[in-house]
Amino acid sequence: MTRPSPGRVGEVAAVATVSFTVNDRPVTLAWEQGATLLDLLRDELRLTAAKEGCGGGTCGCCTVLVDGRPALACQKPAAQVAGRAVVTLEGLPERQRRLLAAAFVAEGALQCGFCTPGIVVRAASLLNRGKAGDRAAVHRALAGHLCRCTGYLPIVRALDRAGQAWERGVETLPGGQAAAHGVGTSAPRYRGEAYALGEVPFVADLVVPGMLHAAVVLSEHPRARVRAVHVSEALAMPGVVRVLTAADVPGRRHVGLIVDDWPVLVASGEATRCVGDVLAVVVADSRRRARRATAAIRVDYQVLTPVTDPHAALAPSAPALHEGGNLLEACAFARGDVDAALASSAHVVRQRFTTQRIEHAFLEPEACLAVPGPGGLTVYSQGQGVHDDQRQIAAVLGLPPAAVQVELVATGGAFGGKEDLSIQAHAALAAHLVQRPVSLVLTRADSLRLHPKRHPLIMDYEVGCDGEGRLTAVRARLVGDTGAYASVGGKVLERAAGHCCGPYRVPNVDVEARAVYTNNPPCGAMRGFGVPQTAFAIEGCLDELAARVGIDRFKIRSINVLRPGDRFATGQVMTASCGVAATLEAVRDAFYGARHAGIACGIKNTGIGNGLEDTGRVRLRVLPQGRLEILTGFTEMGQGLFTILRQVVAQETGLDPGCMEVATRSELGVECGMTTASRATALASEAARRAAAALAADLAAAPASALAGREYLGEYVCNFTVPPGTDAVNPITHLTFGYATQVVVLDGDGAIARVVAAHDVGRAINPLACRGQIEGAIHMGLGYALSEDFPCPDGRPAVSGLKDLGILKAGEMPEVEVRLLEVPDEVGGYGAKGVGEIGLVPTAAAVASALRAFDGRPRTALPMRADAPRTLRRR
């Protein structure tokens, strides 16, 4: 399978020309009305290091130098660059490019890599001004950038490191790269320097001969019956090739990861369920023309009153939004006698906690390229599950799955938001019907409306303890607004229910969690998967109980924290790998050494579990000249999985990682399921270890070059879990867990000065990447605690772009100290536990605890926006 490479886009009708210099080369380009400098660079000159992330001047992904000063190319109208000197990342001095790229890799300052090229251009400007080591100047410069992966801290370290080398005039970084590449080393990120320099193409960077472009028309109303979709005006517009509606779908029109309830296109006569519903797809000869033509499509609606409150949706009088009613799924289980335990408890807390809807804000908007071929088509995706994409796309097209091949392209962040099929089916449908390649890239505004969010939860808790602070019982009633479609909402509430007691020993438990359909935007998977919400609640209850008992917040956790042999909320017995007590002890000094400190513990499952099979598969292919292809079904989305797989193979075979390439494709032999539940590293590393061990045995008798053509499959299957509520002596609901304790330290004015995060990761296969995941998660967790929100009054998002989301900027990030603990696990490669999600599970709760320590007021609702101005002091 050959991946498309960047090439020239088809000609577009011009209304004017503009002359300027780009990377010291004079150019004269034609441009259409509305074109920006970014359009000229990407579409006409194929300089794709500058990315289109927001279109609103917020993310900084498109940063270039104009007359030597940083500028946002998406905000520069084409006419305004006449006579100017433009320098893109591709045109920076080579020594500067390489130095900055090496510094970013050495400090782990890039993960998904989508935002990095723009930041590197900004960094070059700082180097030129001698400001790379000036923290205040760096924070001011980074205020024009968003990074959703790293939390900015390693970026600041990378700039400082590069600045020192630049001022000294050295060609290489002090200390250089680590020579070791095996398990347990901070091996450099796979293709890291190429990512930093914008040399790794994302989906929107790909061009193939004859490629067309598509754009979607979304519903104007969260709930309305579609009477008719009028497309004639759009069809008459210049460059428009075709307009697709529901009648054009040859196969199944509804898709879903678990429940097939989400229409690819809403048909006339049907009701929309949210403002992210797709009503039509325009196919044209340029992206700008396709998007412009969507405005010409007219839709006749019968507007209906939306159902936006989950409790109202459960009322008998509420209109049924789906055939089965408005209750998507309920999860309930109980252990012991909660009523009796609460009645005999010395102290009982009864409290309602609420959390908000959150947008993932991955920097790369959804994009897909579909290329038809003999007997089927190839889809270039940035989704989190190539095999799930394959299955659903094939169903929509009415083709056998083997006729649809899906290949993962570099993914610019996901955090769960790219699990569901978004626009892959629309791009594939268009390509299949017009028999030409079709690229579909969402605008940021459409992206915000279309993909699922983090669930807002309403959580009613009753928690009791005895006179010494030992927990006696937890009763929890959870209601989650799952929005218009199922996505994985039922499983999110199931996970919230299973983790409702946090990492604490509770002998009596009674929990019910309900996922409820509304006309709000869908909610589904987001980093933490329902657990940050319940962590906020149970940790708040512990702080209140500590106050009533008269003990401190560290002690009440130490008394109750899970240890080997104790039972998790679902009844699962903790094994010797339960390291939460070790994480608590690891932050004792930070908690007691601060005047105002908050504390919270966290637990997060590794693996889907709950009765479902968890599988990792890796295939090694020996290529000519002794090169090696590592193939998996799991997605690399910035978490470092591809780097880890190379480390595992190097560890087992002794081969140099430089001879290894890693890819994700929808080949049947490597089907792993969705990249979710913090499971990819644990499962894939063990699968890779098994495959590499077989290869190593053959390498003992022959060199790699003599093994060309051979394949080695590693498979790791875990099928021993049960659903919550299963009557068993040891109901194992999850493969294993990750554990954490975080301390948030406030200064004398109540601002967050420091976060200390102790995490039991089982085995840090790559310590640098492991720390980076935790730092980035804490950044996201602080935003969740204090400032981020995605309000949807009457079912309509009240935000129009990334600027409205409340994402923390670099200058608002406090110091973060990560303390890695390794309590080996019996499940997973090398004892590794998942770390991608646990990093933010305790963060909001720890912030609430710190604020209570400062002013004595408990917090029961997120975001704690009123506290943000003081707490997030710009540094």
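Read on for an overview of the structure. (Residues numbered from 1 in each chain as written. Predicted model: local features only at pLDDT ≥ 70, side-chain atom pairs only at ≥ 80, totals over all residues. Heavy atoms only, no water.)

## A few points about helix 11 (residues 386–397)
Then comes step 1: Over its twelve residues, helix 11 extends 16 Å from the first C-alpha to the last, a length consistent with the 16 Å expected when each residue adds 1.5 Å.
Then comes step 2: The buried fraction of helix 11 amounts to ten of the twelve residues, a majority that puts the element mostly inside the structure.
Then comes step 3: Listed in full, the buried residues belonging to helix 11 are Val-386, His-387, Asp-388, Asp-389, Gln-390, Gln-392, Ile-393, Ala-394, Val-396 and Leu-397.
Then comes step 4: Buried residues in helix 11 make contact with strand 9 (254–255), strand 16 (376–381), strand 17 (404–408), helix 12 (424–434) and strand 25 (660–664).
Then comes step 5: Among the residues trailing helix 11, Gly-398 stands out with phi positive, at a value near 70°. (Helix = DSSP H or I, 4+ residues; strand = E, 2+ residues; numbered from the N terminus. Expected span 1.5 Å × (residues − 1). Buried < 20%, exposed > 50% of the residue type's maximum accessible area, 1.4 Å probe, protein only. Contact = heavy atoms within 4.5 Å.)

## Quick word on the packing of helix 21 (residues 767–786) against helix 22 (residues 843–855)
Then comes step 1: Where helix 21 meets helix 22, the axes come as close as 8 Å, and the angle between the chain directions of the two elements is 55°. Judged on the interaxial angle alone, helix 22 and helix 21 are oblique. Every pair of crossing elements has a handedness; the one defined by helix 21 and helix 22 is right-handed. Across the interface between the two elements, Ile-778, Gly-781, Leu-782, Tyr-784, Ala-785 and Leu-786 from helix 21 touch Thr-843, Ala-844, Val-847 and Leu-851 from helix 22. (Axes fitted to C-alpha atoms, helices over the stretch in contact; angles between N-to-C directions. Parallel < 35°, antiparallel > 145°, perpendicular 65-115°, else oblique. Left-handed = near helix turned anticlockwise from the far one by under 90°.)

## What about unusual backbone geometry?
Then comes step 1: In this chain, Leu-862 is followed by Pro-863 through a cis amide linkage whose omega measures -5°.
Then comes step 2: You can see Pro-863 is positioned in the loop between helix 22 and helix 23 (868–871).
Then comes step 3: With phi around 65°, Ala-677 is a residue other than glycine that occupies positive phi space.
Then comes step 4: Its identity is not glycine, yet Tyr-830 carries a phi of approximately 60°, on the positive side.
Then comes step 5: Residue placement: Tyr-830 occurs in the loop between strand 29 (815–821) and helix 22.
Then comes step 6: A relative accessible area of 21% places Tyr-830 in the partly exposed class.

## Remarks on the state of the cysteines
Then comes step 1: Evaluated as defined, the whole model comprises zero disulfides.
Then comes step 2: The structure places no disulfide on Cys-74, whose sulfur is separated from the nearest cysteine sulfur, that of Cys-62, by 3.7 Å.
Then comes step 3: Look at Cys-74 and you get buried, because its relative accessible area is 13%. (Disulfide = S-S within 2.5 Å.)

## So, the packing of aromatic side chains
Then comes step 1: In this structure the tally under the stated criterion is eleven aromatic pairs.
Then comes step 2: Both rings, one in Phe-114 and one in Phe-202, keep their centres 5.0 Å apart while their planes meet at 85°; by these two values the pair is edge-to-face. Taken together, the residues Phe-114 in the loop between helix 2 (94–106) and helix 3 (116–128) and Phe-202 in the loop between helix 6 (192–196) and strand 6 (212–218) connect sequence positions 88 residues apart.
Then comes step 3: A relative accessible area of 4% places Phe-114 in the buried class.
Then comes step 4: Members of the aromatic cluster, joined through ring pairs, are Phe-114, Tyr-195 and Phe-202.
Then comes step 5: Here Lys-418 stacks its cationic end above the ring of Phe-362, 4.5 Å away from the centre of that ring.
Then comes step 6: Lys-453 extends its terminal NZ or CZ atom over the ring of Phe-790, reaching a point 4.7 Å from the ring centre. (Phe/Tyr/Trp six-rings, centres within 6.5 Å; stacked < 30°, edge-to-face > 60°. Lys NZ or Arg CZ within 6 Å of the ring centre and 35° of its normal.)

## Some remarks on the sheet that holds strand 1 (residues 16–22)
Then comes step 1: Read across the open sheet, the five strands follow the order 2-1-5-3-4; overall the sheet is mixed. Each edge of the open sheet carries a strand with a single partner, namely strand 2 (25–31) and strand 4 (69–72). Within the sheet, the average angular offset between the axes of one strand and its neighbour, ignoring direction, is 45°. (Pairing = 2+ DSSP bridges.)

## Some remarks on the nonpolar core
Then comes step 1: Core analysis: the largest hydrophobic core is formed by 175 residues, its most contacted members being Phe-104, Tyr-461, Leu-478, Val-743, Leu-786 and Val-847.
Then comes step 2: Ranked by residues supplied to this core, first place goes to helix 15 (residues 531–549) with ten residues.
Then comes step 3: Apart from the residues within four sequence positions on either side, Leu-786 is in contact with Ile-752, Val-847, Leu-851, Pro-863, Met-864, Arg-865, Asp-867, Ala-868, Thr-871 and Leu-872.
Then comes step 4: In terms of nonpolar packing, the next biggest core, distinct from the first, is built from 82 residues, Val-283, Ile-393, Leu-397 and Leu-655 among them. (Core = buried A, V, L, I, M, F, W, Y, C linked by side-chain atoms within 4.5 Å.)

## Some points on the pattern of salt bridges
Then comes step 1: Evaluated as defined, the whole model comprises 68 salt bridges.
Then comes step 2: The partner of Arg-621 in a salt bridge is Glu-667, with the nearest N and O atoms 2.6 Å apart. Here Arg-621 is found in strand 23 (residues 614–622), whereas its partner Glu-667 is found in the loop between strand 25 and helix 20 (680–699), with 46 residues between them in sequence.
Then comes step 3: Here the salt bridges do not stand alone but share partners, grouping Asp-339, Arg-350, Glu-462, Arg-475, Arg-477 and Asp-510 into one network. (Salt bridge = Lys/Arg side-chain N within 4 Å of Asp/Glu carboxyl O.)

## What to know about helix 5 (residues 153–168)
Residues separated by three or four positions in an α-helix point in the same direction, a consequence of the helix having 3.6 residues per turn.
Then comes step 1: With 16 residues, helix 5 should reach 22 Å at 1.5 Å per residue; the first-to-last C-alpha distance of 23 Å fits that figure.
Then comes step 2: For helix 5, the set of buried residues is Leu-153, Pro-154, Ile-155, Val-156, Ala-158, Leu-159, Arg-161, Ala-162, Gly-163 and Ala-165.
Then comes step 3: Looking at the residues trailing helix 5, positive phi occurs at Gly-169, about 75°.

## Here we look at the pairing of strand 6
Then comes step 1: For strand 6, the buried fraction is high: seven of the seven residues fall into the buried class.
Then comes step 2: By the alternation rule, side chains of strand 6 split into Leu-212, Ala-214, Val-216 and Leu-218 and His-213, Ala-215 and Val-217, which are all buried.
Then comes step 3: Sheet topology places strand 6 next to strand 18 (residues 438–441); three bridges connect them, and they run parallel. Its bridge partner lying in strand 18, His-213 is registered against Ser-439.
Then comes step 4: Relative to strand 11 (residues 278–284), strand 6 runs antiparallel, the two being bridged by six bridges. The partner of Ala-214 across the bridge, within strand 11, is Val-283.

Distances and angles like these do not, on their own, reveal function.
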